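# Chains, contacts and geometry: an overview
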Amino acid sequence: MHTVLPEALTSLEELATNLRWSWHHPTRQLFASIEPAVWDEIGHDPVGLLGAVEPARLQELASDQGFVDRANSLRDDLHAYLHNPRWYQSLTDAPESIAYFSPEFGIAAALPQYSGGLGILAGDHLKSASDLGVPIIGVGLFYRAGYFRQAISREGWQQETYPVLDPDGLPLSVLRNPDGTAVIVTLALPEGRALSARIWVVAVGRIKLLLLDTDIPENEETLRSVTDRLYGGGGEHRLLQELLLGIGGVRAIKAFTELTSAPVPEVFHTNEGHAGFLGLERISDLIGAGLSFDEALQVVRAGTVFTTHTPVPAGIDRFEASLITRYFSTDLLPGVALDEVLTLGAENYAGGTPDTFNMAVMGLRLGQRANGVSKLHGDVSRGMFGKLWPDFDQDDVPITSVTNGVHAPTWTDPLLLELASDRLGTTETTTADWNSPSVTDADLWRVRGDMRQQLVTDARNRVSAAWQEENPGVGDPAYINTLLDPSILTIGFARRVPTYKRLTLMLHDEDRLRSLLLHPTRPIQIVIAGKSHPADDEGKALIQKLVEFASGVDVRHRIVFLPNYDIAMAQLLYPGTDVWLNNPLRPLEACGTSGMKAALNGSLNLSILDGWWAEFYDKENGWAIPTADSAGDGAERDKLEADAMYDLIEHQIAPRFYDRNEDDVPTRWVASIRHTLSTLSQPLSADRMVQEYVNRLYIPAAHAEHAISADSYQPARDLSEWKERVRAAWPSVQVTHVESGGVDAVPQVGDSLHVRALVELGRLNPEDIKVEVVYGRAKEGDRLAGIQRQSLTFASREPGQPAVFTGTVTLQRPGSFGYNVRVVPSSDLLATPAELGLIAVAH
């Protein structure tokens, strides 16, 4: 920040340069009070505001003791927030530091380093980690042009521009050596070249986010543009970005922890495959410490968490093996052999593509713990990646799920915060008692109306600004002043525009949609936003089709497409809608957090049962669009699902919204608002999500990393040798015979099934394996449902004979019963029985 502030206002610099202001309402109110018009004009950016305010105004504020005291009080509050113990500090045996890698971070509109859901999620993860006191170091790239700014041409076609960011005007600082020079990380490239990057440090509350930037004089011109824009360029450009994120990111953490004496991360969390190369850098370091590649791999796996965010193979980065060969036949990773790198990303399984390097596959092989981002997505991921564990049932594939959440202080409208504060005495909206009679139906409905009015005003301003940009000097058309109506049922739809999200499903029957928009007594209005990837002409064509419909003279006051969907727009759009619409092709939505943000503000959801909605829909918090996945083809499916959507709006949603009491309050609708706020606010919060990551993944990963690193990594050496021995011996392992008794022809609850299994172990010992009875309800084709497992106990082993394992299963359920016996490798250092991909079952 280059603004010279009067001495009395130095607290403003501290408040402006920590991004906690982006979710701390009192701090935002302070900055807004400095110059409200400028605050709105520059997009709620404190650094930009202080640079734009006239010096005379700053002097005036410096003489205002009330303002100075308020600013100093907020600075003191920030200090307390940064240093006082929080939730995480109450835990025992939790890791001292966790590294969190993501290719994008959406924290505030003032720092546009995001394209969509993944970046917003990463930003919310950091914010909640800060609020909870979780000691995360974030790692990403600094994109000089961010993603892109969207405009819509007169023909309805998306146009992209890339405004260049000036880091000096952003809340960033360069990581510097003690002598004041910038810290530089360098990667060796082919042909003797090198890629260098400086490190920007962003304060996100208690969290430090490190962003690597290649636009520096140390790089040749072509390499300065590696971090030019998010998801730009072709395959080699993307590879350079991902090498920098993963390998350069680990090197940046090493520099940062050495310079600041911050704890070195024990756990590394990689989001999507983009950052997967971080594991190879850590392996290289461990090889330098005397371990073999495979021994180092055991250590890295133990402390790595891999999260997959896509339910579609097309969302995974894949490179030609020849390109990987070129970049790793260098001094990039000392001690790491090329063939070992290629094997980690190889699609060497049934249906895989030869000579392809798959970043998600590498991520799963480098991480002992992996998860999807909703329960349904976890199941989809187990199916999508199941070929890496070919002999295991889908339920046994070692990918769990942690359902995404959203950061409530960021996404809850200040009007709702004020209602909670005034009526319930709290600004913690996720834990407030929304069923309390202290909040009347009229109170809730008034606030919902005010939020709808905010959206209408913002939409008109955005459409006016877009018109002025396209038609400079020409006054606004008259219809813009009547665009949308703050009293009408408002439906929102905003997201990226890949084809599977079906932006134009609402247009399937244009006459039916038109009749809903123009209904004489129960009209609806729809606000739509979203960006298509610059290379996705199919997505752009969908936007064009929608824009063309929305520009019809008869409907343009009731349906609008708002260009340049971003955080600033979203913060008014989600709260301002009565119903949030989501209609992807099930099961292609991994989670879909936009509907969560709407729900935190009392909006009801209308959605296909996909992503998060599949596990949270309860018939009172919104409506489920029936999935027609048994339809004959895509066109028939679209028709059936669109018709169901129209029917729900016409016959259930609109009547409930417009059914009013004598005070013009829709009491039945408000009951659903209360229910939504009461039952969804806490489960949908990013605090719940981060706590789940800590308890279910970070702490177990840290324990595993400690265990395998003990005694100068001796357990890693032992595990590597043990895995090699088990893999070599496994072809000889088989269940040769199974005997059972104690259950009648018709099994009864409480019956005891006595099982005796003979297992040929080859060169293995009984303690190398686990023998289990797998049992459940018998289904067609020898399948089991409601599967449970119980270990059998080693009984005896005569020389030259199979080992004997025995046990008893007590039946807990009536009905058909089936079972089998399986053998899997067993070690305290394995996270799941499927880890080695080895299994033997009785036939």
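Preceding block: the structure.
The following paragraphs examine the structure supplied in this document.

Basis of the calculations
Residues numbered from 1 in each chain as written. Predicted model: local features only at pLDDT ≥ 70, side-chain atom pairs only at ≥ 80, totals over all residues. Heavy atoms only, no water. Helix = DSSP H or I, 4+ residues; strand = E, 2+ residues; numbered from the N terminus. Contact = heavy atoms within 4.5 Å. Lys, Arg positive; Asp, Glu negative; His and termini not counted. Charge placed at Lys NZ, Arg CZ, Asp CG, Glu CD. Buried < 20%, exposed > 50% of the residue type's maximum accessible area, 1.4 Å probe, protein only. Polar contact = N/O pair within 3.5 Å; in protein donor to acceptor, adjacent residues only side chain to side chain. Salt bridge = Lys/Arg side-chain N within 4 Å of Asp/Glu carboxyl O. Pairing = 2+ DSSP bridges. Core = buried A, V, L, I, M, F, W, Y, C linked by side-chain atoms within 4.5 Å. Axes fitted to C-alpha atoms, helices over the stretch in contact; angles between N-to-C directions. Parallel < 35°, antiparallel > 145°, perpendicular 65-115°, else oblique. Left-handed = near helix turned anticlockwise from the far one by under 90°. Phe/Tyr/Trp six-rings, centres within 6.5 Å; stacked < 30°, edge-to-face > 60°. Expected span 1.5 Å × (residues − 1). Bend = angle between axes of the 7 residues up to and from the residue.

## Regarding the overall build of the chain
- When helices and strands are tallied, the chain shows 26 helices and 30 strands.
- The principal-axis extents of the C-alpha atoms in the chain amount to approximately 95 × 70 × 50 Å.
- Counting only contacts in the chain whose residues sit at least 6 apart along the sequence, the fraction spanning at least 24 positions is 71%.
- Within the chain, the 110 negative side-chain charges are centred at a point lying 3 Å from the centre of the 72 positive side-chain charges.

## As for helix H14 (residues 359-366)
- For H14, the tally of buried residues reaches seven of eight residues, placing the bulk of the element in the interior.
- The N-cap of H14, judged by a side-chain oxygen 2.9 Å from the amide nitrogen of Ala360 a few residues on, is Asn358.

## Quick notes on the side chain of Glu705
- Assignment of secondary structure puts Glu705 in helix H26 (residues 686-729).
- Notably, Glu705 is buried but unbridged: the nearest opposite-charge side chain belongs to Arg282, and the N-O separation is 5.5 Å.
- Each residue touching Glu705, except ones within four places of it in the same chain, is listed here: Glu266, Val299, Ala302 and Gly303.

## Quick word on the pattern of salt bridges
- A complete count under the given rule lists 47 salt bridges for this structure.
- Among the ionic pairs, Asp441 bridges to Arg674, the shortest N-O distance being 2.9 Å. Within this pair, whereas Asp441 is found in helix H18 (residues 441-470), its partner Arg674 is found in helix H25 (residues 667-680), the two being separated by 233 residues in sequence.
- Given a relative accessible area of 26%, Asp441 falls into the partly exposed group.
- In this structure, Asp578 and Arg452 form a salt bridge, with 3.0 Å as the shortest nitrogen-oxygen distance. Taken together, the positions of Asp578 in the loop between helix H21 (567-576) and strand E20 (579-582) and Arg452 in helix H18 put the pair 126 residues apart, joining distant regions of the chain.
- One salt-bridge network, held together by shared partners, links Arg144, Arg198, Asp213, Asp215 and Arg224.

## Examining the pairing of strand E4 (residues 136-141)
- The buried fraction of E4 is high, at six of six residues.
- Burial of E4 is two-sided: the residues Ile136, Gly138 and Gly140 facing one way and the residues Ile137, Val139 and Leu141 facing the other way are all buried.
- Examined bridge by bridge, strand E1 (residues 98-101) and E4 share four bridges and lie parallel to one another. Residue pairing for E4: Phe101 is matched across the bridge by Val139.

## Here's the deal with the nonpolar core
- The biggest cluster of nonpolar side chains holds 96 residues, and the ones touching the most others in it are Phe101, Phe277, Ile283 and Phe328.
- Among the elements that line this core, the one with the most residues is helix H9 (residues 235-260), at 11 residues.
- Apart from residues no more than four positions distant in its own chain, Phe328 is found in contact with Leu243, Ile247, Phe277, Leu280, Leu333, Leu338 and Val341.
- Ala16, Val68, Leu209 and Ile699 belong to the second largest nonpolar core, which has 65 residues in total.

## So, the packing of helix H2 (residues 25-34) against helix H6 (residues 65-83)
- At their nearest, the axes of H2 and H6 sit 10 Å apart, and the two run at 150° to each other. The angle between H2 and H6 places the two elements in the roughly antiparallel class. The handedness of the crossing between H2 and H6 is left-handed. Along the contact surface, H2 presents Pro26, Thr27, Gln29, Leu30, Ser33 and Ile34, while H6 presents Phe67, Arg70, Ala71 and Leu74.

## Description of the environment of His24
- Along the chain, the position of His24 falls in the loop between helix H1 (10-16) and H2.
- On the basis of relative accessible area, His24 is assigned to the buried category, the value being 13%.
- At a separation of 2.6 Å, a polar atom in the side chain of His24 contacts the side chain of Thr27.

## So, unusual backbone geometry
- Cis geometry is found at the peptide bond from Arg586 to Pro587, where omega equals 5°.
- Here the phi dihedral of Glu272 falls at roughly 65°; this positive angle occurs in a residue that is not glycine.
- Mapped onto the fold, Glu272 is located in the loop between strand E11 (267-271) and helix H10 (278-288).
- Even without being glycine, Lys619 reaches a positive phi, approximately 80°.
- When you line up the elements, Lys619 lands in the loop between helix H23 (613-616) and strand E22 (622-625).
- Overall, the relative accessible area of 66% leaves Lys619 in the exposed class.

## Some thoughts on the sheet that holds strand E21 (residues 604-608)
- Taking strand neighbours across the sheet as the criterion, the six strands line up as E19-E18-E17-E20-E21-E22 in an open arrangement whose pairing is parallel. Among the strands making up the open sheet, the edge pair consists of strand E19 (559-562) and E22. Across the sheet, the axes of successive neighbouring strands diverge by a mean angle of 20°, strand direction being ignored.
- Bridge count between E21 and E22: four bridges; the pairing is parallel. The residue of E22 that forms the bridge with Leu606 is Trp623.
- Packing against the sheet, helix H20 (residues 537-550) makes contact with strand E18 (524-529) and E19, and its axis sits at approximately 140° to E19.

## A word on the sheet that holds strand E27 (residues 793-797)
- Taken in spatial order, the four strands make up an open sheet running E23-E24-E28-E27, and their pairing is antiparallel. Looking at the sheet topology across the chains shown, the edges are occupied by strand E23 (734-741) and E27. The sheet shows a mean angle of 25° between the axes of neighbouring strands, direction not considered.
- Here strand E24 (residues 752-760) pairs with strand E28 (residues 803-810) via eight bridges, running antiparallel. Bridge assignment links Val759 to a residue of E28, and that residue is Ala803.

## Some words on the packing of aromatic side chains
- Tallying each qualifying case throughout the model produces 22 aromatic pairs.
- An angle of 55° between the planes, with centres 6.1 Å apart, marks the rings of Phe142 and Trp200 as tilted. With Phe142 in the loop between E4 and strand E5 (149-152) and Trp200 in strand E9 (residues 194-204), this residue pair connects regions lying 58 residues apart in the sequence.
- Take Phe142: its relative accessible area is 0%, and that puts it in the buried class.
- Ring plane angle 35° and centroid distance 5.7 Å describe the contact between Trp623 and Trp669, whose orientation is recorded as tilted. Of this pair, Trp623 sits in strand E22 while Trp669 sits in helix H25, and the two are 46 residues apart along the sequence. No difference in accessibility class separates Trp623 from Trp669, as the two residues are buried.

## As for H26
- Helix length check: H26, at 44 residues, gives a terminal C-alpha distance of 46 Å against a target of 64 Å (1.5 Å per residue), a shortfall beyond 12%.
- Along its length, H26 reaches its greatest deviation from straightness, about 120°, at Ser712, and the proline Pro715 lies no more than four positions downstream.

Taken by themselves, the reported measurements are silent on function.
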